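Residue-level listing of the chains:
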Amino acid sequence: MKRRAKLTSLAEAAQTIQERQRLALGGFAIYQRPMAFTYELVRQKKNNLTLVGIVNAIEADLLIGAGAVSRIETSYVGLEKYGLARNFRRAVEAGELEVVDYPELLAWDRFRASQEGLPFWPCTFLGGSGIVKYNQDIKPFTCPVTGRQMWAVPPAAPDVVVVHAPIGDEYGNVAIHARKMLPQSVDITLTRACDTVIVTVEKIVTSQELKKQPHLVEIPAFRTSHIVEAPFGAYPTAVPGIYDADEDALAEYVTASSTVEGFADWLAESFPAQSNHSRWLDRIGVARLLALRNTEIPA
């Protein structure tokens, strides 16, 4: 049987995202976010999405500010040392965004439940927590073995997962560094929790190159629906081992998003008509991007 190439453009991959879908964006906090894909969602004016996450940051705040998100299920939305997620905060205070809180570990376990095809994830440690008071999706039950009270946490159940990775081939095989940290571990879990997986990569390589290090292929082709080459596709967040975060760009975003008017101006300047990922990189500048590189992309 002939293999099917899954290499496509950002625009074509983003066009598959439909209103009211449950979307999970990979990475963790301010690391390895699929930002090129996030920007494309903004360009296409997607709306009424539900974001399902573990620890969210600029990717969520940007989509919320652009009016793309009506609900978010997560443990945190913020920019860590760079400050508050202002768009998120304003939307919650105005009653424009539905927020469903989960503890960080349970937010991750929800994707494990989806990975295993479980109707819920059993939890023993929510006694005394305000989470169960405000999150009506978590149901108490009595353990049939011990008689203890437990809680049934619903699976994440994403319709689409999008992650960013170092390299992949045209068929959708994706390699991740052997030394994994939280962003890489989260991405692997997310891609096993969903039937529709879109991956953006720093570089498309040949299948022969991947065969030289088959143990690094953590996302096999049968799991991916689309693969897109997007150099610096996580910018301005970091991809550990490849490039650092652009701290100036993150600080600029925080300043711009501190007011509704400032964010609107930043959005209009950043995503003019007919913009795309290549023009976005040109706007940032080669020198600024290369200054962030700390290693070569592994072949």
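Given the structure is predicted, the values throughout are model-derived calculations rather than measurements.

Engineer: Mind showing me how you'd approach the overall build of the protein here?
Structural biologist: If you tally the helices and strands in the protein, you get 12 helices and 12 strands. In summary, the protein has a C-alpha radius of gyration of 19 Å against a globular reference of 19 Å for 299 residues, a match within 12%. The principal-axis extent of the C-alpha atoms belonging to the protein is close to 60 × 55 × 35 Å. Sorting the 299 residues of the protein into buried and exposed places 55% on the buried side. Across the protein, the fraction of contacts at a sequence separation of at least 24, relative to all contacts at a separation of at least 6, is 75%. Carbon and sulfur atoms make up 52% of the accessible area of the protein, which totals about 13700 Å². Between the mean site of the 31 positive side-chain charges and the mean site of the 34 negative ones, the protein shows a separation of 5 Å.

Engineer: Honestly, the packing of aromatic side chains in this entry has me stumped. Any pointers?
Structural biologist: The geometry of an aromatic ring pair is captured by two quantities: the separation of the ring centres and the angle between the planes. Under the criterion given, the structure shown has nine aromatic pairs. With a centroid separation of 5.9 Å and 25° between ring planes, the pair formed by Phe 263 and Trp 266 is classed as stacked. Of this pair, Phe 263 and Trp 266 both sit in helix H10 (residues 260–270), three residues apart, which is roughly one turn of that helix. By the burial criterion, Phe 263 is buried, and Trp 266 matches it.

Engineer: What am I meant to see in the nonpolar core here?
Structural biologist: The tendency in soluble globular proteins is for nonpolar side chains to be buried as a group. Core analysis: the largest hydrophobic core is formed by 58 residues, its most contacted members being Leu 23, Phe 37 and Leu 62. By residue number, the principal contributor to this core is helix H2 (residues 35–43), which donates six residues. Each residue touching Phe 37, except ones within four places of it in the same chain, is listed here: Leu 10, Ala 13, Ala 14, Ile 17, Val 162, Ile 198 and Thr 200. Listed in part, the 34 residues of the second largest apolar core include Ile 54, Val 163, Val 199 and Ile 219.

Engineer: Whenever I open this one, the pattern of salt bridges confuses me. Can you help?
Structural biologist: Charged atoms that come close allow side chains of opposite charge to pair. Under the defined criterion, the tally for this structure stands at 15 salt bridges. A salt bridge links Arg 110 to Glu 73; the nearest nitrogen and oxygen atoms lie 3.0 Å apart. Placement of the pair is Arg 110 in helix H5 (residues 104–116) and Glu 73 in strand E3 (residues 69–74), with a sequence separation of 37 residues. Judged by relative accessible area, which is 2%, Arg 110 ranks as buried.

The rules behind these values
- Residues numbered from 1 in each chain as written.
- Predicted model: local features only at pLDDT ≥ 70, side-chain atom pairs only at ≥ 80, totals over all residues.
- Heavy atoms only, no water.
- Helix = DSSP H or I, 4+ residues; strand = E, 2+ residues; numbered from the N terminus.
- Rg over C-alpha atoms; globule rule 2.2 N^0.38 Å.
- Buried < 20%, exposed > 50% of the residue type's maximum accessible area, 1.4 Å probe, protein only.
- Contact = heavy atoms within 4.5 Å.
- Areas by Shrake-Rupley, 256 points an atom, 1.4 Å probe, with all protein chains shown as cover.
- Lys, Arg positive; Asp, Glu negative; His and termini not counted.
- Charge placed at Lys NZ, Arg CZ, Asp CG, Glu CD.
- Phe/Tyr/Trp six-rings, centres within 6.5 Å; stacked < 30°, edge-to-face > 60°.
- Core = buried A, V, L, I, M, F, W, Y, C linked by side-chain atoms within 4.5 Å.
- Salt bridge = Lys/Arg side-chain N within 4 Å of Asp/Glu carboxyl O.

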